[in-house]
Amino acid sequence: MSLERTLSIVKPDAVGRGLIGEVLKRFESAGLKIVAAKLVHLTPERARAFYAVHKQRPFFASLCDYMSSGPIFVSVLEGEGSIARNREIMGATDPAKAAPGTIRKDWGKDVEQNAVHGSDGPDTAATEIAFFFRPDEIFRPSH
Ligand code: UDP
Ligand code: MG
């Protein structure tokens, strides 16, 4: 494993239910460091750009409506193997199939409104982080 950065999103359903703090607590408890963070309200166009990889999927239009329906909380998580670690903490895409103790099991409503997003590999992590953050918005230790 190596020191990695990954993009996390607390999705509109979870932000609306006041779960930002609960989600961040899970990341911090697992040793992942929050090195950038902000609240963003995506326009439908920006949501379509973020999820462009899914544009042929039947759920694309509904997903983009949902992701632009209210504020999201985006953050960059840093740590050893943070990409896979975050995916473990999130749980499976469908909350009904997610393992006990995962964010999606505990707080996901359904397969669309599943509380959180996490990058799925090094290339997507880099692209997704750059989608939301300038390099100077990401914390670097000065030691
Ligand atoms: N999604 C959906 N219906 C599906 C599969 C996915 O609405 O049948 C939504 C869901 O919000 C999911 C997102 O599309 O988180 C991206 O799908 P992906 O397969 O990349 O799942 P993830 O990487 O988020 O687990
Ligand atoms: Mg995905």
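Residues numbered from 1 in each chain as written. Chains lettered and ligands numbered in written order. Predicted model: local features only at pLDDT ≥ 70, side-chain atom pairs only at ≥ 80, totals over all residues. Heavy atoms only, no water.

Novice: Can you help me understand the pairing of strand 1 (residues 3-10) in this one?
Specialist: A regular strand carries its side chains on alternate faces of the sheet. Among the eight residues of strand 1, six are classified as buried, and the element is accordingly described as predominantly covered. As paired elements, strand 1 and strand 3 (residues 72-80) share eight bridges and run antiparallel to each other. Each residue of the ladder has a partner; that of Val-10, found in strand 3, is Phe-73. Two strands pair when backbone bridges link them, and strand 1 and strand 4 (residues 116-118) are joined in this way by three bridges, in the antiparallel orientation. By the bridge assignment, Ile-9 is partnered in strand 4 with His-117. (Buried < 20%, exposed > 50% of the residue type's maximum accessible area, 1.4 Å probe, protein only. Helix = DSSP H or I, 4+ residues; strand = E, 2+ residues; numbered from the N terminus. Pairing = 2+ DSSP bridges.)

Novice: Just to check I follow, could you spell out the layout of surface pockets for this structure?
Specialist: One simple way to see leftover space: roll a probe sized like a water molecule over the atoms. Its boundaries defined by the atoms lining it, the largest pocket holds a volume of some 580 Å³. Taken together, 22 residues form the lining of the largest pocket, with Tyr-51, His-54, Phe-59, Leu-63 and His-117 sitting closest to its centre. For the lining of the largest pocket, the secondary-structure elements that each account for two or more residues are strand 4 and helix 7 (122-132). Taken together, the residues that form the lining of the largest pocket break down as seven nonpolar, eight polar and seven charged. (1 Å grid on protein atoms, 1.4 Å probe; cavity = no way out; pocket = protein on both sides within 12 Å on 5 of 7 lines; lining within 4 Å. Points joined across faces, edges and corners; volume = space filled by probe spheres on them. Nonpolar A, V, L, I, M, F, W, Y, C, P; charged D, E, K, R; others polar.)

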